[in-house]
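# An overview of the molecular structure
For reference, the chains in residue letters:
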Amino acid sequence: MASPPPSRLLFLSDLALLAPGEKVRFLGCVEEYQVSTGTLVLQHHYPSSSAIPTARVNIDHVLETLKSTEVLQVGAWVNVIGYVTAGEGEPPARSSRKAGDAPRQSHVQAIVLWSAGSLNLDEYEKAVEQRKALETNSAPLG
């Protein structure tokens, strides 16, 4: 029996570079919870030299499993595992996008959502950068 694909740990700003269907894990700060659509609007201003990227995360599938509404509060930092989706009325992400391009709003269907709890944001950002560097250096040739 095949196991599900692993998620890729990324920055929220990296989501705009991915095609729909990619399984991702990222951290974001709740800017808004839209009850009518079951959508969390998340941001993480990293890298700080870029415009603030936004992810619209549909939480319909995980809403009943949340242990606390703390994760829905503005200012809460949350971890998300989910699948990149095409936004309603938006063309799918193009692989030709480059990291320096102006970020667009990304869309994700959450399959797991939990509070980041007590978080040292600087340490988290360093750890993700190190992991991404390792993945880039160990990518298979070809």
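The residue numbers shown here count from 1 along each chain, following its written sequence. Two thresholds apply to this predicted model, a pLDDT of at least 70 for residue-level local features and 80 or more for giving and counting side-chain atom pairs, whereas whole-chain, interface and lining totals are computed over all residues. The side-chain figures draw on all heavy atoms in the structure; neither hydrogens nor water molecules are used.

## Considering the nonpolar core
Test applied: We call a set of buried residues a nonpolar core when its members are Ala, Val, Leu, Ile, Met, Phe, Trp, Tyr or Cys and they connect through side-chain atoms within 4.5 Å of each other. Partly exposed residues are those whose accessible area sits between 20% and 50% of the maximum for their type, while under 20% is buried and over 50% is exposed, using a 1.4 Å probe and protein chains only. Helix numbers and strand numbers start at the N terminus; a helix is a DSSP run of H or I with at least 4 residues, a strand a run of E with at least 2.
Grouped together as the largest cluster of nonpolar side chains are 23 residues, with contacts concentrated most on Leu15, Phe26, Leu42, Val57, Val80 and Leu113. Where this core is concerned, the elements lending two or more residues are β2 (23-34), β3 (39-43), β4 (54-58), β5 (77-85) and β6 (106-115). Grouped together as the second largest cluster of nonpolar side chains are seven residues, Leu9, Leu27, Ala116 and Tyr124 included.

## Some details on the confidence of the model for the protein
Filter applied, for reference: pLDDT is defined as a per-residue confidence score from the predictor, taking values between 0 and 100. Residues are treated as being in contact if the distance between any of their heavy atoms lies within 4.5 Å.
Taken over all residues, the pLDDT of the protein has a mean of 86, while the share at 70 or more is 85%. Per-residue pLDDT stays below 50 along residues 90-103; that stretch engages in 20 contacts with residues further than four places along the chain or on separate chains.

## Some thoughts on helix α1 (residues 121-137)
Quick reminder of the rule: The span one expects for a helix is its residue count, reduced by one, times 1.5 Å. Directions are taken from the helix axis to each C-beta atom, and the arc is the one they span. Whenever two N or O atoms come within 3.5 Å, that pair is a polar contact, provided that in protein one can donate a hydrogen and the other can accept it, and provided that, for residues adjacent in sequence, both atoms are side-chain atoms.
With 17 residues, α1 ought to run about 24 Å at 1.5 Å a step, and its terminal C-alpha atoms sit 24 Å apart, in line with that. Taken residue by residue, α1 has Tyr124, Glu125 and Val128 as its buried positions. Mapping the buried residues of α1 onto a view down its axis gives an arc of 95°, with all of them on the same face. With respect to the buried face of α1, the exposed residues turned more than 90 degrees away are Asp122, Gln130, Leu134 and Asn137. Buried residues along α1 sit in contact with β1 (8-9) and β2. For α1, the N-terminal capping position is held by Asn120, with its side-chain oxygen 3.3 Å away from the main-chain nitrogen of Asp122.

## With respect to the packing of aromatic side chains
Cut-off, in case you're wondering: The rule is short: rings of Phe, Tyr and Trp, with Trp giving its six-membered ring, pair when the centres are within 6.5 Å, and they are stacked under 30 degrees, edge-to-face over 60, tilted in between.
Counted according to the given criterion, the structure contains one aromatic pair. Residues Phe11 and Tyr46 carry aromatic rings whose centres are separated by 4.3 Å and whose planes lie at 35° to one another, so their mutual orientation is tilted. With a gap of 35 residues between them, Phe11 in the loop between β1 and β2 and Tyr46 in the loop between β3 and β4 connect regions that are remote in the sequence. On the basis of relative accessible area, Phe11 is assigned to the buried category, the value being 2%.

## Digging into the pattern of salt bridges
When charged atoms on two side chains of opposite charge get close, those side chains can pair. Selection criterion: One speaks of a salt bridge when a side-chain nitrogen belonging to Lys or Arg is within 4 Å of a carboxyl oxygen belonging to Asp or Glu.
Tallying each qualifying case throughout the model produces four salt bridges. Residues Asp14 and Lys132 are paired through a salt bridge, measuring 2.8 Å at the closest nitrogen-oxygen approach. Within this pair, whereas Asp14 is found in the loop between β1 and β2, its partner Lys132 is found in helix α1, the two being separated by 118 residues in sequence.

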